[in-house]
Amino acid sequence: MDSDDFGLFGPGSVTWQVHEEPILIVAGLRSLYLQTLHPRAMAGVAQNSSYRSDAWGRLVRTSEYVETVVWGTTAQAEAAGRRVRARHARLRGRDLSTGEEFRVDQPDLLRWVHVTEVESFVTTARRAGLALTDAEVDGYYTEQRRAAALVGLDPATVPGTAAEIAEYYRQVRGELRMTREAAETALFLTAPPIPWRLSLPARLGLSLGPPRWAYFGIAGTAISLLPAWARRMYGGLGLPTTAWSADLSVRTLRVVLGALPRHLREGPNRQAARERLARLAAATG
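Residues numbered from 1 in each chain as written. Predicted model: local features only at pLDDT ≥ 70, side-chain atom pairs only at ≥ 80, totals over all residues. Heavy atoms only, no water.

> Looking at this structure, I do not really get the overall build of the chain. What am I missing?
Of the regular secondary structure elements, the chain holds 15 helices and 2 strands. Put simply, the chain has 285 residues, and 43% of those count as buried. Pairs at least 24 residues apart make up 72% of the contacts formed inside the chain by residues separated by at least 6 positions. Accessible area for the chain stands at about 14,600 Å²; split by element, carbon and sulfur atoms hold 59% of it. (Helix = DSSP H or I, 4+ residues; strand = E, 2+ residues; numbered from the N terminus. Buried < 20%, exposed > 50% of the residue type's maximum accessible area, 1.4 Å probe, protein only. Contact = heavy atoms within 4.5 Å. Areas by Shrake-Rupley, 256 points an atom, 1.4 Å probe, with all protein chains shown as cover.)

Structure (structure tokens):
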């Protein structure tokens, strides 16, 4: 097919290596716990998002966007980026402290969301047992500047190494705090409504079946994987033992998820990427 290409990253990229990991389901949740700590970013989400009334739908849409950017063709990734930019351009939020109205596509807010996502992805994968060198981690962050450009960021303004990510967090921490909206959202993330098909029969009026307890375990692991300073903001302890137990939990969960059948671990975008890769290899072989 004429539209076939390897996409923004392709085989051999650190991005493809990281995003092959099913453990990134935990990483996505970890990033949301981090994002709630930025008052303006949190206000923008709370005032414009359907995450409370359609939590799982929003999660699916976000996951599909990331999957398209990582595994889709260049044209598919760019089209997805255009849709996100168009949506963001229409949205406004109101700062609850100052009353000031702001655009949700301000570069500082987009950068916060981007950094918390990519740092969560690579940190979670690494702590779960994915062997990445420091140079490969830097390579991942550098590659992800391409994804940042899709949402409207100037790649030159986006941290592109682990050291730059650490410095970014150091600089932004003064803006972070646990607001009422952040606390309510974190509670919602920890105990969201579970679709009845994933829990006990709806006619019983119960929702504490295995999926609920499984989700509690995932949420607890995501929180424990947060940086020590973020755990303290949530009222937890930033102790080395917490990090050790988090590593044990996420490594165990990686083994469990990795044992699932391929069709349960991989979305359609990744399957399409594999088929596209085979066609391209055959065409050039």
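Next, the rest of the story.
> Looking at this model, I keep getting lost on the nonpolar core. Mind explaining?
Nonpolar side chains tend to gather and get buried jointly when the protein is soluble and globular. Grouped together as the largest cluster of nonpolar side chains are 58 residues, with contacts concentrated most on Val18, Ile23, Leu29, Tyr33, Tyr140 and Tyr169. Per-element accounting of this core gives the leading share, 7 residues, to helix α6 (residues 107–127). Filtering out sequence-adjacent residues up to four positions away, Leu29 remains in contact with Leu189, Tyr215, Ile218, Ala219 and Ala222. Val84, Ala148, Leu153 and Val158 belong to the second largest nonpolar core, which has 6 residues in total. (Core = buried A, V, L, I, M, F, W, Y, C linked by side-chain atoms within 4.5 Å.)

> What is the right way to read the packing of aromatic side chains from this model?
Each aromatic ring pair is characterised by the separation of its centres together with the angle its planes make. Enumeration over the complete set of coordinates arrives at 7 aromatic pairs. On the basis of an interplanar angle of 90° and a centroid distance of 6.0 Å, the ring pair of Tyr33 and Tyr234 is categorised as edge-to-face. With Tyr33 in helix α2 (residues 24–35) and Tyr234 in the loop between α12 (228–233) and α13 (240–258), this residue pair connects regions lying 201 residues apart in the sequence. Through a chain of ring-to-ring contacts, the aromatic side chains of Trp112, Tyr168, Tyr169 and Trp229 assemble into a single cluster. (Phe/Tyr/Trp six-rings, centres within 6.5 Å; stacked < 30°, edge-to-face > 60°.)

> Help me understand the pattern of salt bridges, please; the structure alone is not making it clear to me.
One side chain can pair with another of opposite charge once the charged atoms of both are near each other. By the definition in use, this model includes 14 salt bridges. When salt bridges that share partners are traced, they join Arg262, Glu266, Arg270 and Arg274 into one network. (Salt bridge = Lys/Arg side-chain N within 4 Å of Asp/Glu carboxyl O.)

> What is the right way to look at the environment of Phe9 in this model?
Summarising the element assignment, Phe9 is placed in the segment before α1 (14–19). Between the C-alpha atom of Phe9 and that of Ala147, which follows or precedes it by 138 residues, the distance is 9.7 Å. Apart from residues no more than four positions distant in its own chain, Phe9 is found in contact with Thr15, Trp16, Val69, Val70, Glu143, Gln144, Arg146 and Ala147.

> Help me understand the packing of α6 against helix α7 (residues 134–143) in this model?
The angle between the axes and the distance between the axes are what describe a pair of packed helices. Here α6 crosses α7 at 155°, and the two axes come no closer than 10 Å. Judged on the interaxial angle alone, α7 and α6 are roughly antiparallel. When the axes of α6 and α7 are compared, the crossing they make is right-handed. Two secondary-structure elements touch here, α6 through Val118, Glu119, Phe121, Val122, Thr123 and Arg126 and α7 through Asp134, Val137, Tyr140 and Tyr141. Taken together, the residues that form the contact of α6 with α7 break down as 6 nonpolar, 1 polar and 3 charged. (Axes fitted to C-alpha atoms, helices over the stretch in contact; angles between N-to-C directions. Parallel < 35°, antiparallel > 145°, perpendicular 65-115°, else oblique. Left-handed = near helix turned anticlockwise from the far one by under 90°. Nonpolar A, V, L, I, M, F, W, Y, C, P; charged D, E, K, R; others polar.)

> What's the story with the side chain of Thr123 in this structure? I'm lost.
Within the secondary structure, Thr123 sits in helix α6. Overall, Thr123 belongs to the buried group, its relative accessible area being 19%. Excluding residues within four positions of it along the chain, Thr123 makes contact with Arg30 and Tyr141.

> Mind showing me how you'd approach helix α9 (residues 162–172) here?
An α-helical turn contains 3.6 residues, so a residue and the one three or four places further along point in the same direction. Looking at α9, one finds that the buried residues are Ile165, Tyr168, Tyr169 and Val172. In an axial view of α9, the angular spread of the buried residues amounts to 95°, which keeps them on one side of the axis. More than 90 degrees from the buried face of α9, the exposed residues found are Ala163, Arg170 and Gln171. Where α9 is buried, its residues meet α2, α6, α7 and α12. (Arc of directions from axis to C-beta.)

On their own, these measurements won't tell you what the molecule is for.
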